[in-house]
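Here is what each chain is made of, one letter per residue.
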Amino acid sequence: MGGDEFTVILPDCTDAVSIDRIVQKILQVMNQPFDLGMGDIAHVSCSIGIALYPDNGEDSDELMQHADQAMYVVKQGGRNGFCYFTQNMQQQAEEKINLTHDLHGALERGELEVYYQPIIEMTNRRIEKAEALLRWHHPHRGMVSPAVFIPLAEESGLILSIGAWVVDQTVQAIKDWHEATGQWIPVSVNKSPVQFARDEHMDWLQRFEQSDLPRHILTIEITEGLLLNPSTRVRDKFELFRLHDIELSIDDFGTGYSALSYLNQFDVDYLKIDRSFVQNLVTDATNRALTEAIIVMAHKLGIRTIAEGVETEEQYQLLKDFGCDYAQGFLLARPLPFSQFMERISLPSDHVPVPVP
Ligand code: C2E
Ligand code: CA
Ligand code: CA
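Rules behind the numbers
Residues numbered from 1 in each chain as written. Chains lettered and ligands numbered in written order. Predicted model: local features only at pLDDT ≥ 70, side-chain atom pairs only at ≥ 80, totals over all residues. Heavy atoms only, no water. Donors = N, O, S within 2.8 Å, 3.2 Å for Na, K, Ca; no water. Helix = DSSP H or I, 4+ residues; strand = E, 2+ residues; numbered from the N terminus. Axes fitted to C-alpha atoms, helices over the stretch in contact; angles between N-to-C directions. Parallel < 35°, antiparallel > 145°, perpendicular 65-115°, else oblique. Contact = heavy atoms within 4.5 Å. Nonpolar A, V, L, I, M, F, W, Y, C, P; charged D, E, K, R; others polar. Buried < 20%, exposed > 50% of the residue type's maximum accessible area, 1.4 Å probe, protein only. Domains from an automatic or database assignment. Near = heavy atom within 4 Å. Polar contact = N/O pair within 3.5 Å; in protein donor to acceptor, adjacent residues only side chain to side chain. Areas by Shrake-Rupley, 256 points an atom, 1.4 Å probe, with all protein chains shown as cover. Patch = residues over 30% accessible without salt bridge, like charges linked within 9 Å, V, L, I, M, F, W, Y side chains within 5 Å. Salt bridge = Lys/Arg side-chain N within 4 Å of Asp/Glu carboxyl O. Phe/Tyr/Trp six-rings, centres within 6.5 Å; stacked < 30°, edge-to-face > 60°. Pairing = 2+ DSSP bridges. Expected span 1.5 Å × (residues − 1). Arc of directions from axis to C-beta.

## Structural notes on the coordination of the calcium ion (ligand 2)
Protein-derived coordination of the calcium ion (ligand 2) comes from Glu-131 (OE), Asn-190 (OD1), Glu-221 (OE) and Asp-251 (OD), at a distance range of 2.1 to 2.3 Å. Taken in sequence order, the residues that donate to the calcium ion (ligand 2) follow the motif E-x58-N-x30-E-x29-D. The calcium ion (ligand 3) is placed at 4.0 Å from the calcium ion (ligand 2), the two being bridged by Asp-251. Highlighted residues: Glu-131 in strand E6 (residues 126–138) and Asn-190 in strand E8 (residues 187–190), separated in sequence by 59 residues.

## Overview of the packing of helix H3 (residues 87–103) against helix H4 (residues 146–156)
At their nearest, the axes of H3 and H4 sit 10 Å apart, and the two run at 75° to each other. On the basis of the axis angle, H3 is roughly perpendicular to H4. Contacts between H3 and H4 involve Lys-96, Leu-99, Thr-100 and Leu-103 on the former and, on the latter, Val-148, Phe-149, Leu-152, Ala-153, Glu-155 and Ser-156. Residue composition of the contact of H3 with H4, by class: six nonpolar, two polar and two charged.

## Re the environment of Lys-75
Tracing the backbone shows Lys-75 in helix H2 (residues 60–76). C-alpha of Lys-75 to C-alpha of Asp-35: the two residues are 40 residues apart in sequence and 24 Å apart in space.

## Let's talk about the coordination of the calcium ion (ligand 3)
The calcium ion (ligand 3) binds to the protein through Asp-251 (OD), Asp-252 (OD), Glu-308 (OE) and Glu-308 (OE), with metal-donor distances spanning 2.2 to 2.6 Å. Taken in chain order, the donor set of the calcium ion (ligand 3) reads D-D-x55-E. Judged by its relative accessible area of 10%, Asp-251 is buried. When its relative accessible area of 12% is taken as the criterion, Glu-308 is described as buried.

## Looking at the side chain of Asn-287
Along the chain, the position of Asn-287 falls in helix H12 (residues 285–300). Residue Asn-287 is classed as buried on the basis of its relative accessible area of 11%. Apart from residues lying up to four places away in sequence, Asn-287 is in contact with Ser-276, Phe-277, Asn-280 and Leu-281.

## Focus on the domain arrangement of the chain
Taken domain by domain, the chain consists of domain 1 (16–85) and domain 2 (100–345). Placing the centre of domain 1 and that of domain 2 at their C-alpha centroids yields a distance of 37 Å.

## Some remarks on the site of ligand 1
If you check the shell around ligand 1, you find 21 residues, and the closest are Arg-135, Gln-195, Asp-251, Glu-311 and Phe-330. Within the side chain of Asp-252, a nitrogen or oxygen atom sits 3.4 Å from an oxygen atom of ligand 1. Relative to its free-state accessible area of 800 Å², ligand 1 is covered by the protein chains to the extent of 81%. Only E6, H4 and strand E10 (247–253) provide two or more residues apiece to the shell around ligand 1. When residues in the shell around ligand 1 are grouped by element, the largest group, four residues, is from E6. Along the lines of polarity and charge, the residues of the shell around ligand 1 split into eight nonpolar, six polar and seven charged.

## So, a nonpolar patch on the surface
The grouping of Phe-34, Leu-36 and Val-44 at the surface amounts to a nonpolar patch, some 270 Å² of accessible area in total. Considering the arrangement of structural elements, one finds Val-44 in the loop between strand E2 (40–42) and strand E3 (47–50). Relative accessible area serves as the criterion here: at 37%, Val-44 is assigned to the partly exposed category.

## Looking at the packing of aromatic side chains
Centre-to-centre distance and the angle between the planes together describe a pair of aromatic rings. Evaluation of the coordinates by the stated rule reveals eleven aromatic pairs. Ring centres 5.8 Å apart and planes at 15° place the aromatic pair Trp-177 and Phe-338 in the stacked group. Residue Trp-177 is found in helix H5 (residues 159–181), and its partner Phe-338 is found in helix H14 (residues 338–346); the two are separated by 161 residues along the sequence. Looking at Trp-177, the relative accessible area reads 0%, which means it is buried. The partly exposed category is assigned to Phe-338, whose relative accessible area is 27%. With centroids separated by 5.8 Å and ring planes inclined at 90°, the aromatic side chains of Phe-196 and Phe-241 adopt a geometry described as edge-to-face. A residue pair is termed long-range when its members are at least 10 positions apart, and Phe-196 in helix H6 (residues 193–198) and Phe-241 in helix H9 (residues 232–243) qualify at 45 residues. Under the relative-accessibility criterion, Phe-196 is labelled buried at 3%.

## Side note on the pairing of E8
One ladder, built from three bridges, connects E6 with E8; its direction is parallel. Counterpart to Glu-131 in the pairing with E8 is Ser-188. The pairing of E8 with strand E9 (residues 218–223) spans four bridges and is parallel. Within E9, the residue paired with Val-189 across the bridge is Ile-220.

## Section: H9
In this model H9 runs 16 Å from its N-terminal to its C-terminal C-alpha over twelve residues, within 8% of the 16 Å that 1.5 Å per residue would give. Regarding H9, the residues found buried are Val-234, Lys-237, Phe-238 and Phe-241. Burial along H9 is one-sided: seen end-on, the buried residues are contained in an arc of 100°. Within H9, the exposed residues directed more than 90 degrees away from the buried face are Thr-232, Glu-239 and Leu-243. Those residues of H9 that are buried lie in contact with H6, helix H7 (203–210), E9, helix H8 (225–228) and E10. In the segment just after H9, Asp-245 is the residue with positive phi, at about 55°.

Written out as structure tokens, the structure reads:
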């Protein structure tokens, strides 16, 4: 059907058991190594979506479309498997189309807002930094999570204008806070891999440069996947960041491959220890050992650590004992709108929560 897509029609198959058996067999065969000759061996994965006539469609177009939707579910779930189409998938697909439609123009209509979550220095509990987190106030659905709409923005290409806007907003916020409180608060901005790969011109970088902010005031948060097999273009962008004194932070550290070799290669400034580690710190000894090891390793490489999702005082104390540099989480503060963040940093320092003894 396409470069790497095939259709199998099972005309006389009426029961799920035999469909399952055939599908398993196809997967098994596809999982065998392919001999390309000259000693080259290739492995491929295979994702199968299944649609049933007449339950999932009356004609071939509809059946194909639904099998395709089911196949994408397999791909998203890590590939190499099969999945039957369900009505639920159809609803989700329609939901996605509607939301994407609404996202067009959301920026122009003023429905997007940047929130700032305080990042606290662990030894003195002061707000030292912040992370910019996008919010969408949908006119009918209320607040839509960035976890839901960022992927839609990526697929539709809207992420480029939205991403540039987040940096512009952040630059303005940093200036305004400085004017009001005399403090320079460094802020980190998230950039998804798609955004990173596609943003050719990075117009925002020019505007950032012209804004004349102090050095090391902006950090870009990326996930480590980007560093595993970086293209030359991605490497060039890191170079450019360095040149402009923009820092680099690895988000959700510990959830992916955690291949350590790239840490030195790319001059990483911060590791953000993922919330899943922090959550189980108190109850799980292995988690504690891993978290402590990450912090020690980072420090040996001259990288600072930020713990994400700190929700309890026990977690805070453990992280502090491990020597973690910064903490971010609901215990300390939720993501706040611009003006509320300003109020927080304007408080005299004895209003900042102090650790319980
Ligand atoms: P992230 O970068 O890992 O951001 C941290 C998320 O954890 C935020 O969710 C934050 O509200 C939440 N969080 C912070 N402290 C706690 C805590 O103590 N407990 C719990 N349970 N959660 C906590 P949020 O704001 O919903 O953002 C979700 C994700 O959306 C972000 O994950 C980030 O990957 C993405 N995102 C947000 N804004 C942007 C953006 O401007 N651009 C891009 N590309 N992605 C963004
Ligand atoms: Ca982040
Ligand atoms: Ca994170």
